[in-house]
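# An overview of the molecular structure
Residue-level listing of the chains:
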Amino acid sequence: MELVNLVYPLGIIVIALTIDFLLGEPPRKIHPTIWMGRLISLIDGRIPRGKPTREKILGVFLAIFTISIFLISTLLVLTLVRFMWGKIAWVLVASFIFKSTFAIKDMERHATPIIHELVNGNLPGAREQVSRIVGRDVTNLDEPHILSATVESVSESIVDGFFSPFLFFAFLGVPGAIFFRSINTLDSMVGYKTEKYKNVGWFSARLDDFANWFPARVSLPFIALASKLLGADWRSCLKVALRDHRKTKSPNGGWPMAAMAGALHVRLEKIGYHVLGEEYPFPRFRETEKAVKIMKVSCLLFTLTLSPVAIFLGIFVQGLIENLLIKLLTDALGWGLCCLI
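Attention here is on the structure that accompanies the text. Here the structure is a predicted model, which is why all the values come from computation and not from measurement. (Residues numbered from 1 in each chain as written. Predicted model: local features only at pLDDT ≥ 70, side-chain atom pairs only at ≥ 80, totals over all residues. Heavy atoms only, no water.)

Before going further, it helps to examine the packing of aromatic side chains. In this structure the tally under the stated criterion is 15 aromatic pairs. These aromatic residues form a ring-pair network of at least three members: Phe-98, Phe-102, Phe-162, Phe-163, Phe-166, Phe-169, Phe-222 and Phe-302. A cation sits over an aromatic face here: Lys-56 above Trp-202, 5.9 Å from the ring centre. Note that Lys-270 overlies the ring of Tyr-273, its terminal NZ or CZ placed 4.5 Å from the centroid. (Phe/Tyr/Trp six-rings, centres within 6.5 Å; stacked < 30°, edge-to-face > 60°. Lys NZ or Arg CZ within 6 Å of the ring centre and 35° of its normal.)

See below:
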């Protein structure tokens, strides 16, 4: 591969990360994940309840339709931009779309106000802030459990907020990252075991478990290395992760959460569900802030490791698909001109 051709995929990675660290999330009006959520809500609202088999079939349709719409749309947009305006414009658009599939800075922005409210003694305010990043009932959470929930959310975001979309990007390019984000958004909206969603969301939930399975497990050495670099306990990180990862309801979430519990020597507890690192005290402000740092360093280490794969494989695969679409487009235009002549 020529050196000039290496600059473009590298540019997508660098620009996407720069946008994340400097600007955070795109505005809601142009955020692909928000569009995914609106489409899912629109279809979900029209699915009749009452017959389990019908709910499951329509739930499968919901997932396949949503994933297909955004996967095809992404490919078409990137292909048309490259065909009409060239590779510089293509890199910029690809960077924006890729950035929309992961969030590092945004998790820090959510965690900081929680700590700020607790420092100021505003427990109701801290509960309100933590409710934005966790799905549990926060009504009666005390300070230790609020900080525990924060560390858990920061830890889990390492996988579904970055490792998974980047892994799909590394092997399938930007469309691969969108493919994962579609699955994860489906799970976050309908993948519940409530009466309303246990049938409609079963397929989306299983897809999400499958998509995060490998990234969750491969996150362990990166969290351990980040812990060592930041002065946390990398040995306990590995020990507690291997011991406690099965204690969560999620088959994947326990890995990064238990790893963080061991690295920071903290107890992470979701009342009535799980306790990770039970031998340790609850996290304090210092450990919560360090969890954010470990999350960021883990993501950067993963980027450095997977970027060569993305450059030589993921973007290459994406390029092959785009080249095919461009050929189909030019052939169609040529055929149309011939018909006019």
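Take the pattern of salt bridges next. In this structure the tally under the stated criterion is 16 salt bridges. Here Asp-44 ties to Arg-49 by a salt bridge, and the two come within 2.8 Å at their closest N and O atoms. On the basis of relative accessibility, which here comes to 8%, the residue Asp-44 falls in the buried class. In this structure, the salt-bridge partner of Arg-267 is Glu-269, at a minimum N-O distance of 3.4 Å. What makes Glu-269 buried here is its relative accessible area of 16%. (Salt bridge = Lys/Arg side-chain N within 4 Å of Asp/Glu carboxyl O. Buried < 20%, exposed > 50% of the residue type's maximum accessible area, 1.4 Å probe, protein only.)

With that settled, the discussion passes to unusual backbone geometry. In this structure, His-265 takes a positive phi of about 55 degrees despite not being glycine. Turning to its location among the elements, His-265 is positioned in the loop between helix H10 (254-264) and strand S1 (268-270). The exposure class of His-265 is partly exposed, given its relative accessible area of 34%. (Helix = DSSP H or I, 4+ residues; strand = E, 2+ residues; numbered from the N terminus.)

Any link to function would need more than the numbers given here.
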